[in-house]
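Per-entry structural report
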Amino acid sequence: MSNIDPNTETIEGNRNPLDAPGTDEEDFSFGFGRFDTSTMVGRGGGFNSGKELGWLPFPDSFATFRVSPEVIPLGLVGKKYRVVQNAEVFSGMQSIFGGKAEIVTAGSLYNGRKIWFLAKLGEGQRSINGDIHEHYLLATSSHDGTSKVVFMLVSVRVVCGNSLVYALRSGTSVLAFPHTQNSGWKMGNVSKFYDGVFGDIDAEVLIGEELASKGCSYENAYEWAAGWLEAKSTRSQNMARNIALQFKRGAGNNGENRYDLLQGVTDHFTHFGKDKEQIGMSRAERTRIFISSTFDTGAKKKTDAMERLQDDDQFEKMVAVGREINRVYLDSEKAESPNLISLV
(Lines give C-alpha, C1' and ligand atoms only; values in the text may rest on other atoms or scores of the structure.)
Protein backbone atom coordinates (compact mmCIF):
# COMPACT_ATOMS: atom_id res chain seq x y z
CA MET A 1 0.00 0.00 0.00
CA SER A 2 1.23 3.50 -0.74
CA ASN A 3 -1.07 5.53 1.51
CA ILE A 4 1.69 6.64 3.87
CA ASP A 5 3.13 9.79 5.40
CA PRO A 6 6.76 10.47 6.34
CA ASN A 7 6.25 8.87 9.76
CA THR A 8 4.72 5.73 8.28
CA GLU A 9 6.59 2.58 7.37
CA THR A 10 5.37 -0.45 5.46
CA ILE A 11 6.46 -3.93 4.54
CA GLU A 12 4.85 -5.47 1.48
CA GLY A 13 5.07 -8.78 -0.31
CA ASN A 14 3.58 -12.25 -0.22
CA ARG A 15 5.98 -13.63 2.32
CA ASN A 16 6.20 -14.51 5.96
CA PRO A 17 7.68 -11.40 7.64
CA LEU A 18 9.36 -13.62 10.21
CA ASP A 19 11.78 -14.46 7.41
CA ALA A 20 12.98 -10.85 7.26
CA PRO A 21 16.80 -10.62 7.48
CA GLY A 22 18.19 -10.15 10.96
CA THR A 23 15.04 -11.14 12.81
CA ASP A 24 13.68 -14.23 14.46
CA GLU A 25 10.33 -15.19 15.93
CA GLU A 26 11.19 -13.97 19.42
CA ASP A 27 12.63 -10.63 18.32
CA PHE A 28 10.59 -9.91 15.19
CA SER A 29 9.17 -6.38 15.26
CA PHE A 30 7.97 -5.87 11.67
CA GLY A 31 11.01 -3.65 11.21
CA PHE A 32 9.21 -0.88 13.07
CA GLY A 33 11.05 -1.11 16.40
CA ARG A 34 10.51 -2.73 19.75
CA PHE A 35 8.64 -1.13 22.63
CA ASP A 36 8.86 -0.83 26.41
CA THR A 37 7.45 1.12 29.35
CA SER A 38 9.27 3.34 31.82
CA THR A 39 8.16 4.42 35.31
CA MET A 40 7.89 8.16 35.88
CA VAL A 41 7.62 8.55 39.67
CA GLY A 42 8.84 11.87 41.09
CA ARG A 43 12.43 11.65 39.85
CA GLY A 44 12.42 14.65 37.59
CA GLY A 45 11.28 12.48 34.72
CA GLY A 46 8.33 12.94 32.47
CA PHE A 47 6.94 12.41 29.00
CA ASN A 48 8.12 14.19 25.89
CA SER A 49 5.06 15.05 23.81
CA GLY A 50 7.07 15.06 20.59
CA LYS A 51 6.62 18.81 20.32
CA GLU A 52 9.03 21.50 21.49
CA LEU A 53 7.80 21.30 25.07
CA GLY A 54 10.70 19.52 26.73
CA TRP A 55 10.16 16.91 29.41
CA LEU A 56 7.03 17.34 31.49
CA PRO A 57 6.62 15.67 34.91
CA PHE A 58 3.90 13.02 35.35
CA PRO A 59 4.27 11.57 38.87
CA ASP A 60 3.02 8.01 39.39
CA SER A 61 2.60 7.55 35.65
CA PHE A 62 4.02 5.27 33.02
CA ALA A 63 5.08 6.12 29.49
CA THR A 64 5.55 3.83 26.51
CA PHE A 65 8.68 4.12 24.41
CA ARG A 66 9.84 2.85 21.07
CA VAL A 67 13.28 1.57 22.11
CA SER A 68 14.70 0.56 18.73
CA PRO A 69 16.10 1.56 16.35
CA GLU A 70 15.98 4.81 18.36
CA VAL A 71 14.29 5.81 21.61
CA ILE A 72 11.03 7.69 20.97
CA PRO A 73 8.43 8.36 23.73
CA LEU A 74 4.92 7.52 22.51
CA GLY A 75 2.19 7.88 25.13
CA LEU A 76 1.06 7.77 28.75
CA VAL A 77 -0.52 4.55 30.01
CA GLY A 78 -1.96 3.10 33.22
CA LYS A 79 0.06 1.06 35.70
CA LYS A 80 -1.58 -2.19 34.54
CA TYR A 81 -0.59 -1.63 30.92
CA ARG A 82 1.43 -4.45 29.32
CA VAL A 83 3.44 -3.94 26.15
CA VAL A 84 2.30 -6.32 23.41
CA GLN A 85 5.13 -6.58 20.89
CA ASN A 86 4.27 -6.71 17.20
CA ALA A 87 5.56 -10.28 17.05
CA GLU A 88 2.90 -11.27 19.60
CA VAL A 89 0.17 -9.78 17.41
CA PHE A 90 1.45 -11.79 14.46
CA SER A 91 1.66 -14.95 16.58
CA GLY A 92 -1.91 -14.38 17.75
CA MET A 93 -3.11 -14.30 14.15
CA GLN A 94 -1.16 -17.46 13.39
CA SER A 95 -2.67 -19.25 16.38
CA ILE A 96 -6.17 -18.46 15.06
CA PHE A 97 -5.78 -19.22 11.36
CA GLY A 98 -2.51 -21.12 11.06
CA GLY A 99 -1.65 -21.70 7.41
CA LYS A 100 -5.01 -20.33 6.21
CA ALA A 101 -3.80 -16.72 6.40
CA GLU A 102 -0.80 -15.25 4.57
CA ILE A 103 0.43 -11.81 5.53
CA VAL A 104 0.68 -9.46 2.55
CA THR A 105 1.16 -5.97 4.01
CA ALA A 106 2.22 -4.48 7.33
CA GLY A 107 2.63 -0.89 8.41
CA SER A 108 3.16 1.53 11.26
CA LEU A 109 1.80 5.03 11.76
CA TYR A 110 3.17 7.96 13.72
CA ASN A 111 6.62 6.57 14.61
CA GLY A 112 5.19 3.25 15.74
CA ARG A 113 2.31 4.48 17.86
CA LYS A 114 -0.07 2.38 15.79
CA ILE A 115 0.72 -0.78 13.83
CA TRP A 116 -1.37 -2.93 11.50
CA PHE A 117 -1.00 -5.84 9.16
CA LEU A 118 -3.20 -7.46 6.57
CA ALA A 119 -3.30 -11.23 6.04
CA LYS A 120 -5.06 -12.82 3.08
CA LEU A 121 -7.38 -15.70 3.95
CA GLY A 122 -6.61 -18.67 1.73
CA GLU A 123 -10.24 -19.83 1.76
CA GLY A 124 -11.73 -16.34 1.57
CA GLN A 125 -12.33 -15.77 -2.15
CA ARG A 126 -15.98 -15.37 -3.16
CA SER A 127 -17.90 -14.27 -6.26
CA ILE A 128 -20.63 -11.66 -5.72
CA ASN A 129 -22.71 -10.43 -8.64
CA GLY A 130 -19.95 -11.58 -10.96
CA ASP A 131 -17.25 -9.74 -8.94
CA ILE A 132 -14.38 -11.48 -7.19
CA HIS A 133 -14.01 -10.47 -3.54
CA GLU A 134 -10.96 -11.43 -1.51
CA HIS A 135 -11.10 -11.47 2.28
CA TYR A 136 -8.39 -10.48 4.70
CA LEU A 137 -7.72 -10.48 8.40
CA LEU A 138 -6.75 -7.00 9.58
CA ALA A 139 -4.81 -6.86 12.85
CA THR A 140 -4.24 -3.53 14.59
CA SER A 141 -2.59 -2.48 17.82
CA SER A 142 -1.24 0.66 19.42
CA HIS A 143 1.82 1.39 21.53
CA ASP A 144 0.56 4.65 22.99
CA GLY A 145 -2.36 3.35 25.06
CA THR A 146 -5.09 4.46 22.66
CA SER A 147 -6.46 1.10 21.51
CA LYS A 148 -6.61 -2.64 22.12
CA VAL A 149 -5.14 -5.40 20.00
CA VAL A 150 -7.91 -6.04 17.47
CA PHE A 151 -8.43 -8.64 14.74
CA MET A 152 -11.16 -7.95 12.19
CA LEU A 153 -12.47 -9.11 8.81
CA VAL A 154 -11.98 -6.96 5.69
CA SER A 155 -13.57 -7.59 2.30
CA VAL A 156 -11.77 -6.23 -0.79
CA ARG A 157 -13.40 -6.05 -4.23
CA VAL A 158 -10.61 -7.06 -6.59
CA VAL A 159 -11.65 -5.04 -9.66
CA CYS A 160 -11.30 -1.68 -7.89
CA GLY A 161 -9.71 -2.30 -4.49
CA ASN A 162 -12.74 -1.05 -2.55
CA SER A 163 -12.65 -2.24 1.05
CA LEU A 164 -15.33 -2.94 3.65
CA VAL A 165 -14.47 -3.61 7.29
CA TYR A 166 -16.93 -6.18 8.59
CA ALA A 167 -15.86 -5.96 12.20
CA LEU A 168 -17.67 -2.63 12.41
CA ARG A 169 -20.91 -4.40 11.49
CA SER A 170 -20.76 -7.72 13.30
CA GLY A 171 -19.48 -8.56 16.75
CA THR A 172 -18.79 -12.13 15.64
CA SER A 173 -16.00 -11.06 13.28
CA VAL A 174 -14.00 -8.96 15.70
CA LEU A 175 -11.65 -10.18 18.43
CA ALA A 176 -10.04 -7.71 20.85
CA PHE A 177 -7.53 -7.99 23.69
CA PRO A 178 -6.64 -5.17 26.10
CA HIS A 179 -3.03 -4.26 26.90
CA THR A 180 -3.04 -5.47 30.50
CA GLN A 181 -0.97 -7.90 32.52
CA ASN A 182 -3.96 -10.14 33.13
CA SER A 183 -5.25 -10.26 29.59
CA GLY A 184 -2.60 -12.74 28.47
CA TRP A 185 -3.72 -14.17 25.15
CA LYS A 186 -6.87 -15.85 26.40
CA MET A 187 -8.37 -17.51 23.38
CA GLY A 188 -11.73 -18.44 24.84
CA ASN A 189 -13.59 -16.62 22.07
CA VAL A 190 -11.26 -17.66 19.27
CA SER A 191 -13.47 -20.48 18.01
CA LYS A 192 -16.48 -18.14 17.89
CA PHE A 193 -14.37 -15.54 16.08
CA TYR A 194 -13.08 -18.07 13.53
CA ASP A 195 -16.60 -19.27 12.76
CA GLY A 196 -17.86 -15.69 12.71
CA VAL A 197 -15.31 -14.63 10.11
CA PHE A 198 -16.31 -17.30 7.62
CA GLY A 199 -19.96 -16.88 8.52
CA ASP A 200 -19.75 -13.18 7.66
CA ILE A 201 -17.98 -13.98 4.38
CA ASP A 202 -20.89 -16.21 3.37
CA ALA A 203 -23.38 -13.59 4.57
CA GLU A 204 -21.71 -10.96 2.40
CA VAL A 205 -22.42 -13.08 -0.68
CA LEU A 206 -26.12 -13.22 0.17
CA ILE A 207 -26.28 -9.48 0.89
CA GLY A 208 -24.49 -8.64 -2.35
CA GLU A 209 -26.77 -10.80 -4.45
CA GLU A 210 -29.83 -9.33 -2.74
CA LEU A 211 -28.67 -5.76 -3.44
CA ALA A 212 -27.91 -6.68 -7.05
CA SER A 213 -31.54 -7.81 -7.47
CA LYS A 214 -32.87 -4.37 -6.43
CA GLY A 215 -32.85 -1.93 -9.35
CA CYS A 216 -31.70 1.66 -8.95
CA SER A 217 -31.50 4.57 -11.40
CA TYR A 218 -28.81 7.24 -11.49
CA GLU A 219 -31.31 9.83 -10.21
CA ASN A 220 -32.30 7.63 -7.28
CA ALA A 221 -28.65 6.90 -6.50
CA TYR A 222 -27.90 10.63 -6.28
CA GLU A 223 -31.05 11.29 -4.25
CA TRP A 224 -30.31 8.44 -1.85
CA ALA A 225 -26.72 9.62 -1.36
CA ALA A 226 -27.90 13.18 -0.73
CA GLY A 227 -30.45 12.00 1.82
CA TRP A 228 -27.98 9.63 3.51
CA LEU A 229 -25.33 12.36 3.79
CA GLU A 230 -27.85 15.11 4.60
CA ALA A 231 -26.17 16.94 1.74
CA LYS A 232 -27.11 20.55 2.46
CA SER A 233 -23.61 21.97 1.96
CA THR A 234 -21.50 22.26 -1.17
CA ARG A 235 -18.99 19.73 0.15
CA SER A 236 -21.60 17.10 1.03
CA GLN A 237 -23.36 17.71 -2.29
CA ASN A 238 -20.07 17.05 -4.07
CA MET A 239 -19.73 13.82 -2.09
CA ALA A 240 -23.26 12.72 -3.05
CA ARG A 241 -22.61 13.51 -6.71
CA ASN A 242 -19.34 11.60 -6.67
CA ILE A 243 -21.02 8.56 -5.12
CA ALA A 244 -23.63 8.68 -7.91
CA LEU A 245 -20.86 9.06 -10.48
CA GLN A 246 -18.99 6.03 -9.12
CA PHE A 247 -22.30 4.12 -9.06
CA LYS A 248 -22.50 4.71 -12.81
CA ARG A 249 -18.88 4.79 -13.95
CA GLY A 250 -16.76 3.28 -11.18
CA ALA A 251 -14.61 0.26 -12.02
CA GLY A 252 -16.85 -2.80 -12.38
CA ASN A 253 -20.07 -0.81 -11.87
CA ASN A 254 -22.99 -0.65 -14.30
CA GLY A 255 -25.22 1.91 -12.59
CA GLU A 256 -28.15 -0.49 -12.45
CA ASN A 257 -28.83 -1.62 -8.87
CA ARG A 258 -28.15 -1.09 -5.18
CA TYR A 259 -25.05 -3.28 -5.31
CA ASP A 260 -23.58 -0.72 -7.73
CA LEU A 261 -24.66 2.02 -5.32
CA LEU A 262 -22.90 0.28 -2.40
CA GLN A 263 -19.78 0.07 -4.55
CA GLY A 264 -20.16 3.78 -5.33
CA VAL A 265 -20.09 4.46 -1.59
CA THR A 266 -17.12 2.17 -0.90
CA ASP A 267 -15.29 3.60 -3.93
CA HIS A 268 -15.74 7.15 -2.65
CA PHE A 269 -14.61 6.48 0.91
CA THR A 270 -11.78 4.14 -0.12
CA HIS A 271 -10.20 6.20 -2.88
CA PHE A 272 -11.34 9.81 -2.66
CA GLY A 273 -10.53 12.71 -0.37
CA LYS A 274 -12.22 16.09 -0.54
CA ASP A 275 -14.05 14.77 -3.61
CA LYS A 276 -10.96 14.14 -5.72
CA GLU A 277 -8.96 11.03 -6.47
CA GLN A 278 -5.70 10.36 -4.67
CA ILE A 279 -3.59 10.97 -7.78
CA GLY A 280 -1.49 14.05 -7.09
CA MET A 281 -2.37 14.19 -3.39
CA SER A 282 0.24 14.68 -0.70
CA ARG A 283 1.33 11.69 1.36
CA ALA A 284 -0.32 13.23 4.40
CA GLU A 285 -3.69 13.43 2.61
CA ARG A 286 -3.40 9.86 1.31
CA THR A 287 -2.59 8.72 4.83
CA ARG A 288 -5.65 10.51 6.19
CA ILE A 289 -7.88 8.76 3.63
CA PHE A 290 -6.34 5.37 4.41
CA ILE A 291 -6.83 5.78 8.17
CA SER A 292 -10.42 6.98 7.75
CA SER A 293 -11.29 4.28 5.21
CA THR A 294 -9.77 1.44 7.23
CA PHE A 295 -10.12 2.39 10.88
CA ASP A 296 -12.33 5.43 11.35
CA THR A 297 -15.17 7.51 9.84
CA GLY A 298 -14.91 6.24 6.27
CA ALA A 299 -14.98 2.61 7.42
CA LYS A 300 -18.09 3.27 9.50
CA LYS A 301 -19.84 5.10 6.66
CA LYS A 302 -19.28 2.20 4.26
CA THR A 303 -20.69 -0.30 6.74
CA ASP A 304 -23.67 1.94 7.53
CA ALA A 305 -24.48 2.23 3.83
CA MET A 306 -24.48 -1.54 3.38
CA GLU A 307 -26.96 -1.95 6.22
CA ARG A 308 -29.28 0.84 5.05
CA LEU A 309 -29.36 -0.26 1.42
CA GLN A 310 -30.82 -3.63 2.40
CA ASP A 311 -34.00 -2.07 3.85
CA ASP A 312 -36.57 -1.18 1.15
CA ASP A 313 -38.54 1.22 3.36
CA GLN A 314 -35.40 3.05 4.47
CA PHE A 315 -34.21 3.26 0.88
CA GLU A 316 -37.44 4.88 -0.33
CA LYS A 317 -37.50 7.31 2.60
CA MET A 318 -33.86 8.26 2.00
CA VAL A 319 -34.55 8.86 -1.69
CA ALA A 320 -37.50 11.12 -0.82
CA VAL A 321 -35.44 13.07 1.73
CA GLY A 322 -32.60 13.44 -0.72
CA ARG A 323 -34.91 14.57 -3.52
CA GLU A 324 -36.15 17.45 -1.35
CA ILE A 325 -32.64 18.35 -0.20
CA ASN A 326 -31.44 18.44 -3.81
CA ARG A 327 -34.40 20.57 -4.89
CA VAL A 328 -33.71 23.16 -2.19
CA TYR A 329 -29.97 23.12 -2.86
CA LEU A 330 -30.40 23.47 -6.63
CA ASP A 331 -32.88 26.32 -6.16
CA SER A 332 -30.34 28.13 -3.99
CA GLU A 333 -27.61 27.54 -6.58
CA LYS A 334 -29.83 28.95 -9.33
CA ALA A 335 -30.65 31.99 -7.19
CA GLU A 336 -26.94 32.70 -6.77
CA SER A 337 -26.07 31.84 -10.39
CA PRO A 338 -29.10 32.41 -12.70
CA ASN A 339 -27.28 31.01 -15.73
CA LEU A 340 -26.33 27.76 -13.96
CA ILE A 341 -27.03 24.61 -15.96
CA SER A 342 -27.64 21.51 -13.82
CA LEU A 343 -25.59 18.47 -14.72
CA VAL A 344 -27.59 16.16 -12.45
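Here the structure is shown first, and the text comes after it.
Figured I'd write up the structure that's included with this text. All chains use their own residue numbering, which begins from 1 and follows the written sequence. With the structure being a predicted model, the display of local features is reserved for residues of pLDDT at least 70 and the display and counting of side-chain atom pairs for 80 or more, all residues being used for whole-chain, interface and lining totals. Each side-chain value is derived from all of the structure's non-hydrogen atoms; neither hydrogens nor water enter the calculation.

Right, let's talk about the overall build of the protein chain for a bit. Helix and strand definitions follow DSSP, with helices as H or I runs of at least four residues and strands as E runs of at least two, each counted in order from the N terminus. Regarding its fold elements, the protein chain presents 8 helices and 15 strands. When each of the 344 residues of the protein chain is scored for burial, the buried share is 51%. Should any heavy atoms of two residues lie within 4.5 Å, those residues are considered in contact. Expressed as a percentage of contacts within the protein chain between residues at least 6 apart in sequence, the contacts between residues at least 24 apart total 61%. In short, Shrake-Rupley with a 1.4 Å probe defines the accessible areas, and a residue's cover is counted only from the protein chains shown. Carbon and sulfur atoms make up 50% of the accessible area of the protein chain, which totals about 16,300 Å². Using a 1.4 Å probe on the protein chains alone, a residue whose accessible area is under 20% of its type maximum counts as buried, one over 50% counts as exposed, and one in between counts as partly exposed.

Before going further, it helps to spend a moment on the pairing of strand β7 (residues 101–109). Within β7, 8 of the 9 residues are buried, leaving the element largely enclosed by the surrounding structure. Two strands pair if DSSP finds at least two bridges between them. Judged from the 8 bridges that link them, β7 and strand β8 (residues 114–121) form a sheet pairing that is antiparallel. Within β8, the residue paired with Ser 108 across the bridge is Ile 115.

Among the 8 residues that make up β8, 6 are buried, leaving the element largely enclosed by the rest of the structure. Two successive antiparallel strands, β7 and β8, enclose a turn made up of 4 residues, where Tyr 110 displays a positive phi of approximately 60°. One ladder, built from 7 bridges, connects β8 with strand β10 (residues 131–142); its direction is antiparallel. Its bridge partner being in β10, Ala 119 is matched across the sheet by Leu 137.

What follows covers helix α6 (residues 283–295). A rise of 1.5 Å per residue sets the reference length of α6, with its 13 residues, at 18 Å; its end C-alpha atoms lie 18 Å apart and thus fit the reference within 8%. Among the residues making up α6, those that are buried are Glu 285, Arg 286, Thr 287, Ile 289, Phe 290, Ile 291, Ser 292, Ser 293 and Thr 294. To estimate the expected span of a helix, count its residues, drop one, and scale the result by 1.5 Å.

With that settled, consider the packing of aromatic side chains. A pair of Phe, Tyr and Trp rings is counted when the ring centres sit within 6.5 Å of each other, with Trp represented by its six-membered ring. The angle between the planes then sorts it: under 30 degrees is stacked, over 60 is edge-to-face, the rest tilted. In total, this model carries 3 aromatic pairs according to the counting rule given. Summarising the aromatic geometry, the rings of Trp 116 and Phe 290 are spaced 5.1 Å apart at their centres and angled 50° between planes, so their arrangement reads as tilted. Placement of the pair is Trp 116 in strand β8 and Phe 290 in helix α6, with a sequence separation of 174 residues. Look at Trp 116 and you get buried, because its relative accessible area is 3%.

Trp 224, Trp 228, Leu 229, Ile 243 and Leu 261 are the most contacted members of the largest nonpolar core, which has 31 residues in total. Elements with a contribution of two residues or more to this core: α2 (190–212), α3 (218–229), α4 (234–249), α5 (258–271), α7 (297–309) and α8 (312–336). By residue number, the principal contributor to this core is α3, which donates 7 residues. In these notes, a set of buried Ala, Val, Leu, Ile, Met, Phe, Trp, Tyr and Cys residues joined through side-chain atoms within 4.5 Å is what counts as a nonpolar core.

A word on the packing of α3 against α7. Contact pair α3 / α7: the axes reach a minimum separation of 12 Å and the direction vectors enclose 120°. One finds that α3 runs oblique with respect to α7. The handedness of the crossing between α3 and α7 comes out as right-handed. Along its contact with α3, which presents Trp 224, Trp 228 and Leu 229, the element α7 presents Lys 301, Asp 304, Ala 305, Arg 308 and Leu 309. Throughout this entry, Asp, Glu, Lys and Arg are counted as charged residues, while Ala, Val, Leu, Ile, Met, Phe, Trp, Tyr, Cys and Pro are counted as nonpolar. The remaining residues, Gly among them, count as polar. In terms of residue class, the contact of α3 with α7 is built from 5 nonpolar, no polar and 3 charged. Axis definition: a line fit to C-alpha positions, over the contact stretch in the case of helices; interaxial angles, taken between N-to-C directions, run 0 to 180 degrees. Here is the rule for angles: anything less than 35 degrees is roughly parallel, anything more than 145 is roughly antiparallel, 65 through 115 is roughly perpendicular, and the remaining ranges are oblique. The handedness criterion is simple: a crossing whose near helix is rotated anticlockwise from the far helix by less than a right angle is left-handed, and one whose near helix is rotated clockwise is right-handed.

Take Asp 260: it is sitting in helix α5. One buried charged residue, Asp 260, remains without a salt bridge, the closest side chain of opposite sign being Arg 157 at 5.0 Å. For Asp 260, the contacting residues outside a window of four places in its chain are Phe 247, Asn 253, Asn 254 and Gly 255. For the charge count, each Lys or Arg is scored as positive and each Asp or Glu as negative, with His and the chain ends excluded. Basic side-chain nitrogens of Lys or Arg form a salt bridge, by our definition, when they fall within 4 Å of a carboxyl oxygen of Asp or Glu.

Read these as geometric descriptors, not functional statements.
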